[in-house]
Amino acid sequence: MYSWLLLAALPLPALSVVDKTHGVPPGLIVKYVPTNSASGTGQTWTCLDGSKQISWNTVNDDYCDCTDGSDEPGTSACPNGAFFCKNVGHVGSTIPSSRVNDGLCEPECCDGSDEAPGVCPNTCKDAGEEYRKKMEEERKVRKTGSKIRASYIVFAHKEKKRLEGVLVDLQQEIVAREKEVERLRGIAERAESLSAKELEHKKQSPLYQSILTHHTALKSLQHEHKKHLEREKALGDILDALRTGYNPNYQDMAVLEAVRGWETLAGLPHINNVRKDEDEGSTAGDASQSPKEDRKDEEEDGLWSAEKTEKEVNKLLNVDHVSLLLEHEKVVGEPSSQSILFDLTAYLPGSFIPPYLAFRENLLSWLELLGIKTGSSDTSSEANRARQALSDAEHSLKLTRDELQTAHEDLSDLFNPEGFGTEGEWKKLDGLCLEKDIGEYTYEVCLFDEARQKPNKGGSSFSLGKFTSWNKLAEPGTPEYYTRQRYTQGAKCWNGPQRSLELILTCGTENVLLTVSEPEKCEYQITGTTPALCLPLEEEKRDEL
């Protein structure tokens, strides 16, 4: 028994000689070939990093000679080495050299080659069968999913053709609308020119000229009134100074009469009474009531007060007399009739409109001259209709140009690696909403749009964010890039950050959400499957068993 323990404690070279290529990956086997030394003393081998040449006998001798650890592929002597398990019947794998001969059976090495013979059983047959079964199931899923993905790509190409057709149609529509806008602009300008001509004619009417004369007279009177007010104020200041400063002991009757006259006009108490009351500590009274009586008489005669006069005169002077004239024409003029004669410009080609308008004006002039028709006032209304038609056409042109811009953007995103994928496989899923009910809440993710958390027992739903980007840690266009979607800037949590969500996707035959979790406060993670990630089998590198 003691002899067996002694043998177990001996190093590996003492028990058996390790094969020089033990633990070497298949791709490096050709580099583990000895060379004869120039001196003929034996065989040598060069470290894979070229740093040193050592004796072939020291390869896999459980002592680390090379700095890159390449001389000990089958032992644990070098801390930076790697050991390859062949796993015949299953898939080969690589483990760190530190896990070789540690007495533990590594699951990656089902053949037990990482330990001494007899320590670990060879389970590669069962592991290989289980692995092949799993791979077959995944292959079936991928095969079915890739067919669905192919239909997504077909949809993207159809969408591309549709958008290209939409672009052509919109461009043609824009050209037609631009021509229509120019045509309507010409009509509007001509109608406005005729309307301006008619307006100038109306301004020659006696009523309008009388209004202008009254306006000038009123403005002149206002100017003179302001001058008189200023002069009256200056005189009032002089008389106030005389009233308060004269000496009644001089018995100057002229000054006294002037003071009393001013007091009566201004409604002021006599200055002597004021002085007497001030001496007695009482309030002056017996003021003349003539100004109030004058205002009362003015109101009874329907005249305006001074304040109202100033306010109303300013309003009258600011009236737009042209608008007033047109409003007068609407009241006293003939009711406008929508005759087909006045609407023909909407149906005539642009080149026919000037001759038609000239003919119509001549005809109307003759009818008015003969007394058959009085002057019509619908020229301005026709100009308004023409301007409105132009405005509507310009608005329609703007909407069409916006549609063209949107179509250009949709087409550029269709096969954009950072948009719907290099093959456009994600366009079919744009706006598709998926839901997962976990009891208390239902989580909804509308792809490329917004994610929401909806309570199942009533209450408000919360935004978990809008689509921001794909997986930023991967290169755009690679399969890994499309395995994650980020939704950010959601509703703010109480006493926390704004809600956000990461959607992790894998290949599957259905677009479905599987699990929901919240790794950090208000940071959600949802897993799901989609056929858009199922690449065709020929693009996958087949594992060699």
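Residues numbered from 1 in each chain as written. Predicted model: local features only at pLDDT ≥ 70, side-chain atom pairs only at ≥ 80, totals over all residues. Heavy atoms only, no water.

Draft legend 1. Fine view of the sheet that holds strand 2 (residues 43-46). The strand order across the open sheet formed by 3 strands is 1-2-3, and the pairing between neighbours is antiparallel. Looking at the sheet topology across the chains shown, the edges are occupied by strand 1 (35-36) and strand 3 (53-55). Where strand 1 lies against strand 2, 2 bridges are found, and the strand directions are antiparallel. Across the sheet, the residue bridging to Asn36 is Gln43, located in strand 2. (Pairing = 2+ DSSP bridges. Helix = DSSP H or I, 4+ residues; strand = E, 2+ residues; numbered from the N terminus.)

Draft legend 2. Summary view of the pairing of strand 2. Note that strand 2 and strand 3 share 3 bridges and pair antiparallel. Each residue of the ladder has a partner; that of Thr44, found in strand 3, is Ser55. Here strand 2 folds back onto strand 3, and the loop between the two strands holds 6 residues, one of which, Gly50, carries a positive phi near 75°.

Draft legend 3. Examining the state of the cysteines more closely. Evaluated as defined, the whole model comprises 8 disulfides. Through a disulfide, Cys493 is tied to Cys522; the S-S separation comes to 1.7 Å. In this structure, the disulfide formed by Cys493 and Cys522 twists by about -125° around the S-S bond and is classed as left-handed. In this pair, Cys493 is assigned in the loop between strand 10 (484-488) and strand 11 (500-507) and Cys522 in the loop between strand 12 (512-520) and strand 13 (523-530), connecting sequence segments 29 residues apart. (Disulfide = S-S within 2.5 Å.)

Draft legend 4. Up close: the pattern of salt bridges. Considering all chains together, one arrives at 20 salt bridges under this definition. Among the ionic pairs, Glu450 bridges to Arg452, the shortest N-O distance being 3.1 Å. Within this structure, Arg99, Glu106 and Glu108 form a network of salt bridges that share partners. (Salt bridge = Lys/Arg side-chain N within 4 Å of Asp/Glu carboxyl O.)

Draft legend 5. Molecular detail of the pairing of strand 13. Pairing of strand 11 with strand 13 involves 8 bridges; the strand directions are parallel. Directly across from Thr506, in strand 13, lies its bridge partner Thr529. Direction of pairing for strand 12 relative to strand 13: antiparallel, over a ladder of 6 bridges. The residue bridging Val516 from the neighbouring strand is Ile526, located in strand 13.

Draft legend 6. Structural view of the packing of aromatic side chains. For the coordinates displayed, the defined rule picks out 13 aromatic pairs. Ring geometry for Phe467 against Trp470: centres 6.1 Å apart, planes inclined by 75°, an arrangement best described as edge-to-face. The exposure class assigned to Phe467 is partly exposed, which follows from its relative accessible area of 23%. Under the relative-accessibility criterion, Trp470 is labelled buried at 1%. Where Trp470 meets Tyr481, the ring centres are 6.4 Å apart and the plane angle is 45°; that geometry is what we call tilted. Here the residue Trp470 occupies a position in strand 9 (residues 462-470), and Tyr481 occupies one in the loop between strand 9 and strand 10, the gap between them amounting to 11 residues. Each member of the pair, Trp470 as well as Tyr481, is classed as buried. Counting every residue linked through ring pairs, the aromatic cluster contains Phe420, Trp426, Phe448, Phe467, Trp470, Tyr481, Tyr482 and Tyr487. We note Arg499 situated over the ring of Phe462; from NZ or CZ to the ring centre the distance is 4.4 Å. (Phe/Tyr/Trp six-rings, centres within 6.5 Å; stacked < 30°, edge-to-face > 60°. Buried < 20%, exposed > 50% of the residue type's maximum accessible area, 1.4 Å probe, protein only. Lys NZ or Arg CZ within 6 Å of the ring centre and 35° of its normal.)

Draft legend 7. Expanded view of the nonpolar core. Core analysis: the biggest nonpolar cluster contains 24 residues, and Trp426, Val445, Leu447, Tyr487, Leu501, Leu503 and Ile526 have the highest contact counts within it. For this core, the leading source of residues is strand 11, giving 3 residues. Setting aside its immediate chain neighbours within four residues, Ile526 contacts Tyr443, Val445, Leu501, Glu502, Leu503, Ile504, Leu513, Thr515 and Val516. Core analysis: the second largest hydrophobic core is formed by 16 residues, Ile174, Val181, Leu184 and Ala188 among them. (Core = buried A, V, L, I, M, F, W, Y, C linked by side-chain atoms within 4.5 Å. Contact = heavy atoms within 4.5 Å.)

Draft legend 8. Region of interest: the sheet that holds strand 8 (residues 450-455). The strand order 6-7-8-9-10-11-13-12 describes an open sheet built from 8 strands, whose pairing is mixed. The open sheet has two edge strands, strand 6 (433-437) and strand 12, and neither has a second partner. Averaged over all pairs of adjacent strands, the angle between strand axes in this sheet comes to 25°, irrespective of strand direction. Looking at chain direction, strand 7 (residues 441-446) and strand 8 are connected through 5 bridges and run antiparallel. In the strand pairing of strand 8, Val445 is matched with Ala451. (Axes fitted to C-alpha atoms, helices over the stretch in contact; angles between N-to-C directions.)

Draft legend 9. Representation of helix 5 (residues 253-266). For helix 5, which comprises 14 residues, the first-to-last C-alpha distance of 20 Å matches the rise-based estimate of 20 Å (1.5 Å per residue) to within 8%. Of all the positions in helix 5, only Leu256, Val259, Trp262 and Glu263 are classed as buried. Along the axis of helix 5, the buried positions cluster into a sector of 130°, meaning they face one direction only. Looking at helix 5, the residues exposed on the side facing more than 90 degrees away from the buried face are Ala254 and Leu265. Two residues or fewer after helix 5 comes Gly267, characterised by a positive phi angle close to 70°. (Expected span 1.5 Å × (residues − 1). Arc of directions from axis to C-beta.)

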